[in-house]
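Understanding the architecture of this molecule
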Amino acid sequence: METTHPRDGRAEGASMKKQYLESGKIVTTHGVRGEVRVQPWCDTPGFLTQFACLYLDARGSQARVVERARVHKNIVIVKFEGVENVEDAAGLRGKTVYIDRADVELEEGECFVQDLIGCTVRDADTGADYGQVYDVRATGANDVYYLRDAAGRERLVPAIADVVLAKDLDAGIITIRPLEGLFDD
């Protein structure tokens, strides 16, 4: 699951995995029967249709049971239990939608983009600190990690096996071996 919205950094060595992950935003109502339109912040809109429950806060205290969900033109149309008309649905406009990470099984080697944000990127050979990941963007061929170091310098790292050697998300460290010329200034 991807989201490209910046997040606050984290202290090195501190696991900051959020239990509830930002996954979209309710942008407006849909029809008159209480459905809402959700702009997904995921790899695919269909990802959000698989959840029986979505949350409207980062702590998971505002759980909403999903009666049904479907994709319509890259938007997810969601009908929540207890939201019966357009007036009820209008009250949800602008809310961020969260998922519980416990409801998702990731494949081996997969991770949530939100877990990468704030990780320190280090050189496998020299130990040099290249900065922290502040954004991840999909380019089509591969993702790109956007880094910012302590001096404010920005760098881009292709998230490919030849470069990214290890990710210890619990420790907040990504180990890389830059391709020749990658960081030449």
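This one's a predicted model, so the numbers in the text were calculated from it and none came from an experiment.

**Describing the overall build of the protein chain**
Looking only at helices and strands, the protein chain features 2 helices and 12 strands. Moving toward the C terminus, one meets the helices and strands of the protein chain in the order β-β-β-β-β-α-β-α-β-β-β-β-β-β. The buried share of the protein chain, taken over its 185 residues, is 43%. Across the protein chain, contacts joining residues at least 24 apart in sequence account for 55% of those joining residues at least 6 apart. Of the accessible surface of the protein chain, which amounts to about 9800 Å², a share of 45% is contributed by carbon and sulfur atoms. Within the protein chain, one finds 23 positive and 32 negative side-chain charges whose respective centroids are separated by 8 Å.

**Focus: the packing of aromatic side chains**
One pass over the full model with this rule turns up 3 aromatic pairs. Each ring, one from Phe 47 and one from Phe 51, has its centre 5.3 Å from the other, and the planes form 70 degrees; the classification is edge-to-face. You'll find Phe 47 and Phe 51 in the same group, each marked buried. The ring of Tyr 146 is capped by Arg 137, whose NZ or CZ atom sits 4.3 Å from the centre of that ring.

**Remarks on the pairing of strand β10 (residues 154-158)**
Moving residue by residue along a regular strand, the side chains alternate between the two faces of the sheet. Summarising the sheet, strand β9 (residues 143-148) and β10 pair through 5 bridges and their orientation is antiparallel. Its bridge partner lying in β10, Leu 147 is registered against Arg 155. Hairpin connection of β9 to β10: 5 residues between the antiparallel strands, including Gly 152 at a positive phi of 90 degrees.

**A closer look at the UniProt feature "domain: Ribosome maturation factor RimM PRC barrel" (unreviewed entry) in the protein chain**
When the UniProt feature table is mapped onto this chain numbering, "domain: Ribosome maturation factor RimM PRC barrel" (unreviewed entry) sits at residues 114-182. Secondary structure over residues 114-182 splits into 4% helix and 49% strand, and the C-alpha atoms at its two ends are 24 Å apart.

**Some points on the UniProt feature "domain: RimM N-terminal" (unreviewed entry) in the protein chain**
The positions UniProt marks with the feature "domain: RimM N-terminal" (unreviewed entry) are residues 24-102. Within residues 24-102, the helical portion is 6% and the strand portion 47%, while the C-alpha atoms at the span's ends are 17 Å from each other.

**Some details on the environment of Ala 102**
Relative to the assigned elements, Ala 102 resides in the loop between β6 (96-100) and α2 (113-116). A relative accessible area of 58% means that Ala 102 is categorised as exposed.

**Focus: the pattern of salt bridges**
If the charged atoms of two oppositely charged side chains come close together, the side chains can form a pair. Per the counting criterion, the structure on display carries 12 salt bridges. When the shortest N-O distance is used, the salt bridge between Lys 17 and Asp 170 registers 3.4 Å. Remark: Asp 170 occurs in the loop between β11 (164-168) and β12 (173-176) and Lys 17 occurs in the segment before β1 (20-30); sequence separation between them is 153 residues. Here Lys 17 falls in the partly exposed class, since its relative accessible area comes to 36%. For Asp 170, a relative accessible area of 46% corresponds to the partly exposed category. As a salt-bridge pair, Asp 115 and Arg 101 come within 2.7 Å of each other at their nearest N and O atoms.

**As for the side chain of Asp 100**
Relative to the helices and strands, Asp 100 resides in strand β6. Buried charged residue Asp 100 carries no salt bridge. Nearest counter-charge: Arg 101, at 6.6 Å. At a separation of 2.5 Å, a polar atom in the side chain of Asp 100 contacts the side chain of Gln 19. Discounting residues that sit within four places of it in the chain, Asp 100 has contacts with Gln 19, Tyr 20 and Tyr 55.

**A closer look at the nonpolar core**
The biggest cluster of nonpolar side chains holds 21 residues, and the ones touching the most others in it are Ile 26, Val 36, Val 38, Leu 48, Leu 54, Phe 80 and Ile 99. Those elements that provide at least two residues to this core are β1, β2 (35-40), β5 (75-80) and β6. Ranked by residue count, the leading element in this core is β5, at 3 residues. Once you skip the residues sitting within four places of it in the chain, Leu 48 turns out to touch Ser 23, Val 38, Pro 40, Cys 42, Leu 54, Val 76 and Ile 99.

About the cut-offs
- Residues numbered from 1 in each chain as written.
- Predicted model: local features only at pLDDT ≥ 70, side-chain atom pairs only at ≥ 80, totals over all residues.
- Heavy atoms only, no water.
- Helix = DSSP H or I, 4+ residues; strand = E, 2+ residues; numbered from the N terminus.
- Buried < 20%, exposed > 50% of the residue type's maximum accessible area, 1.4 Å probe, protein only.
- Contact = heavy atoms within 4.5 Å.
- Areas by Shrake-Rupley, 256 points an atom, 1.4 Å probe, with all protein chains shown as cover.
- Lys, Arg positive; Asp, Glu negative; His and termini not counted.
- Charge placed at Lys NZ, Arg CZ, Asp CG, Glu CD.
- Phe/Tyr/Trp six-rings, centres within 6.5 Å; stacked < 30°, edge-to-face > 60°.
- Lys NZ or Arg CZ within 6 Å of the ring centre and 35° of its normal.
- Pairing = 2+ DSSP bridges.
- UniProt positions renumbered as here; feature names shortened; annotations may be inferred.
- Salt bridge = Lys/Arg side-chain N within 4 Å of Asp/Glu carboxyl O.
- Polar contact = N/O pair within 3.5 Å; in protein donor to acceptor, adjacent residues only side chain to side chain.
- Core = buried A, V, L, I, M, F, W, Y, C linked by side-chain atoms within 4.5 Å.

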